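Okay, here's what each chain looks like letter by letter:
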Amino acid sequence: MIYVKFFASVRERVGVGEISLLMPEGGVTVEEVLSLAEDETGVLLQNTHLLAAVNLQHVPFSGMVHDGDEVAFFPPVTGG
(Lines give C-alpha, C1' and ligand atoms only; values in the text may rest on other atoms or scores of the structure.)
Protein backbone atom coordinates (compact mmCIF):
# COMPACT_ATOMS: atom_id res chain seq x y z
CA MET A 1 0.00 0.00 0.00
CA ILE A 2 1.15 3.55 -0.77
CA TYR A 3 -0.24 6.40 1.32
CA VAL A 4 -0.64 9.61 -0.70
CA LYS A 5 -1.21 12.97 0.97
CA PHE A 6 -2.18 16.26 -0.65
CA PHE A 7 -1.47 19.65 0.90
CA ALA A 8 -2.58 23.28 0.44
CA SER A 9 -3.98 24.13 -3.01
CA VAL A 10 -3.36 20.56 -4.22
CA ARG A 11 -5.68 19.30 -1.49
CA GLU A 12 -8.29 21.85 -2.54
CA ARG A 13 -8.12 20.71 -6.18
CA VAL A 14 -8.33 17.02 -5.32
CA GLY A 15 -11.00 17.45 -2.66
CA VAL A 16 -9.43 15.08 -0.12
CA GLY A 17 -6.35 15.16 2.09
CA GLU A 18 -5.17 11.62 1.49
CA ILE A 19 -5.78 8.39 -0.37
CA SER A 20 -4.31 4.89 -0.30
CA LEU A 21 -3.16 3.11 -3.43
CA LEU A 22 -2.28 -0.51 -4.03
CA MET A 23 1.43 -0.98 -4.65
CA PRO A 24 2.06 -2.11 -8.25
CA GLU A 25 4.48 -5.00 -8.72
CA GLY A 26 8.05 -4.02 -9.44
CA GLY A 27 7.95 -0.66 -7.67
CA VAL A 28 7.06 2.79 -8.94
CA THR A 29 8.46 6.29 -9.18
CA VAL A 30 6.93 9.37 -7.59
CA GLU A 31 5.78 10.42 -11.06
CA GLU A 32 3.97 7.11 -11.49
CA VAL A 33 2.36 7.53 -8.06
CA LEU A 34 1.08 10.93 -9.20
CA SER A 35 -0.42 9.31 -12.29
CA LEU A 36 -2.08 6.59 -10.18
CA ALA A 37 -3.43 9.27 -7.83
CA GLU A 38 -4.85 11.18 -10.79
CA ASP A 39 -6.61 8.02 -11.96
CA GLU A 40 -7.99 7.42 -8.46
CA THR A 41 -9.24 10.98 -7.86
CA GLY A 42 -10.15 11.95 -11.42
CA VAL A 43 -8.16 15.19 -11.06
CA LEU A 44 -5.27 15.99 -13.40
CA LEU A 45 -2.21 17.41 -11.64
CA GLN A 46 0.56 16.71 -14.18
CA ASN A 47 0.67 20.29 -15.52
CA THR A 48 0.63 21.80 -12.02
CA HIS A 49 3.93 22.93 -10.52
CA LEU A 50 4.31 20.47 -7.64
CA LEU A 51 6.89 19.33 -5.16
CA ALA A 52 6.99 15.86 -3.66
CA ALA A 53 8.23 14.15 -0.53
CA VAL A 54 8.57 10.49 0.34
CA ASN A 55 8.52 9.71 4.05
CA LEU A 56 8.98 13.43 4.84
CA GLN A 57 12.07 13.81 2.60
CA HIS A 58 11.96 16.01 -0.51
CA VAL A 59 12.55 13.89 -3.61
CA PRO A 60 12.61 14.30 -7.39
CA PHE A 61 9.74 12.83 -9.37
CA SER A 62 12.15 10.14 -10.58
CA GLY A 63 12.60 8.91 -6.97
CA MET A 64 11.47 5.40 -6.11
CA VAL A 65 8.52 4.58 -3.89
CA HIS A 66 8.26 1.34 -1.93
CA ASP A 67 5.43 -0.53 -0.28
CA GLY A 68 4.31 1.27 2.89
CA ASP A 69 5.79 4.64 1.89
CA GLU A 70 3.99 7.94 2.38
CA VAL A 71 4.11 10.24 -0.65
CA ALA A 72 3.10 13.88 -0.29
CA PHE A 73 2.35 16.35 -3.07
CA PHE A 74 2.30 20.08 -2.38
CA PRO A 75 2.79 23.42 -4.14
CA PRO A 76 6.05 25.37 -3.82
CA VAL A 77 6.11 27.67 -0.83
CA THR A 78 7.14 31.28 -1.17
CA GLY A 79 7.72 33.84 1.48
CA GLY A 80 8.26 37.49 1.77
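Definitions and limits used
- Counting from 1, residues in each chain are numbered in the order their sequence is written.
- Local features in this predicted model are restricted to residues of pLDDT 70 or higher, and side-chain atom pairs are both shown and tallied only at a pLDDT of 80 or more, whereas totals for entire chains, interfaces and linings draw on every residue.
- Note: side-chain values were computed over all heavy atoms of the structure, leaving out hydrogens and water.
- A patch consists of residues whose relative accessible area exceeds 30% and which take part in no salt bridge; residues with like charges are grouped when within 9 Å of each other, and nonpolar side chains (Val, Leu, Ile, Met, Phe, Trp, Tyr) when within 5 Å.
- A 1.4 Å probe and the Shrake-Rupley method give the accessible areas. Residues count as covered only by the protein chains that appear here.
- The working definition used for a salt bridge is a side-chain nitrogen of Lys or Arg within 4 Å of a carboxyl oxygen of Asp or Glu.
- Secondary structure elements are taken from DSSP: a helix is a run of H or I of four residues or more, a strand is a run of E of two residues or more, and numbering for both begins at the N terminus.
- Accessibility here uses a 1.4 Å probe with only protein chains present; expressed as a share of the type maximum, an area under 20% marks a residue as buried, one over 50% as exposed, and anything in between as partly exposed.

**Q** Which residues make up a nonpolar patch on the surface, and what values do they have?
**A** On the surface, M1, Y3 and L22 cluster together into a nonpolar patch covering about 320 Å² of accessible area. With respect to the secondary-structure elements, Y3 resides in strand β1 (residues 2-6). Owing to a relative accessible area of 36%, Y3 belongs among the partly exposed residues under this scheme.

**Q** How would you explain the pattern of salt bridges if you had to name every residue and give the values?
**A** Note that side chains of opposite charge can pair when their charged atoms are close. Within the structure shown, the criterion is met by 1 salt bridge. Among the ionic pairs, E70 bridges to K5, the shortest N-O distance being 3.4 Å. You can see E70 sitting in strand β7 (residues 70-74) and its partner K5 sitting in strand β1, a full 65 residues away along the chain. For K5, a relative accessible area of 23% translates into the label partly exposed.

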